[in-house]
Amino acid sequence: MAGGKLGQTALELAPAYLSDQEAADTVLARYADDIGCDVNTILATRRYALTGDRRALEGTWI
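Quick notes on the rules
- Residues numbered from 1 in each chain as written.
- Predicted model: local features only at pLDDT ≥ 70, side-chain atom pairs only at ≥ 80, totals over all residues.
- Heavy atoms only, no water.
- Helix = DSSP H or I, 4+ residues; strand = E, 2+ residues; numbered from the N terminus.
- Expected span 1.5 Å × (residues − 1).
- Buried < 20%, exposed > 50% of the residue type's maximum accessible area, 1.4 Å probe, protein only.
- Polar contact = N/O pair within 3.5 Å; in protein donor to acceptor, adjacent residues only side chain to side chain.
- Contact = heavy atoms within 4.5 Å.
- Core = buried A, V, L, I, M, F, W, Y, C linked by side-chain atoms within 4.5 Å.
- Salt bridge = Lys/Arg side-chain N within 4 Å of Asp/Glu carboxyl O.

> Would you explain helix α3 (residues 39–51) in this entry?
Because the α-helix completes a turn every 3.6 residues, residues three or four places apart line up on one side. Between its first and last C-alpha, α3 extends 18 Å over 13 residues, near the 18 Å set by a 1.5 Å rise per residue. Here α3 has its buried residues at Thr-41, Ile-42, Leu-43, Ala-44, Thr-45, Arg-46 and Tyr-48. Here α3 starts with a cap whose side-chain oxygen sits 3.3 Å from the backbone nitrogen of Asn-40, and that cap is Asp-38. Just beyond α3, the residue with positive phi is Gly-52, at close to 75°.

> It is not clear to me how the side chain of Thr-41 should be interpreted in this structure. Could you clarify?
Relative to the helices and strands, Thr-41 resides in helix α3. Sequence-distant contacts of Thr-41, defined by excluding residues within four places in its chain, comprise Thr-60, Trp-61 and Ile-62.

> Can you walk me through the nonpolar core in this structure?
Side chains of a nonpolar character, in soluble globular proteins, are inclined to be buried together. If you look at the biggest cluster of nonpolar residues, it comprises 12 residues: Leu-6, Ala-10, Ala-14, Leu-18, Ala-23, Ala-24, Leu-28, Tyr-31, Ala-32, Cys-37, Ile-42 and Leu-43. Secondary-structure elements contributing two or more residues to this core are α1 (2–13), α2 (20–35) and α3. The biggest single contributor to this core is α2, with five residues.

> Explain the environment of Val-27 to me, please; I cannot follow it from the model alone.
Inspection of the secondary structure puts Val-27 in helix α2. Each C-alpha atom, one on Val-27 and one on Leu-6, is 14 Å from the other, the two residues being 21 residues apart in sequence. Not counting chain neighbours up to four residues away, the residues in contact with Val-27 comprise Leu-13 and Ala-14.

> Help me out: how do you make sense of the pattern of salt bridges in this one?
Pairs can form between side chains of opposite charge once their charged atoms are near each other. Considering all chains together, one arrives at three salt bridges under this definition. For the salt bridge of Asp-20 with Arg-46, the shortest nitrogen-to-oxygen distance reads 3.2 Å. Taken together, the positions of Asp-20 in helix α2 and Arg-46 in helix α3 put the pair 26 residues apart, joining distant regions of the chain. The exposure class of Asp-20 is partly exposed, given its relative accessible area of 28%.

Here it is in structure tokens:
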């Protein structure tokens, strides 16, 4: 599943101890831009990787 792979990468770049805002500000905004994705989708996939809850992906293209 694409969300799982994107989420794992996002989690490796921005560890779980960072808030969504800190993660976006430090590295995920650039990662999203590099892969042609919006930051909110990357944050959602990161939350999915953290929780395993598919509801985290609601509202995304994944």
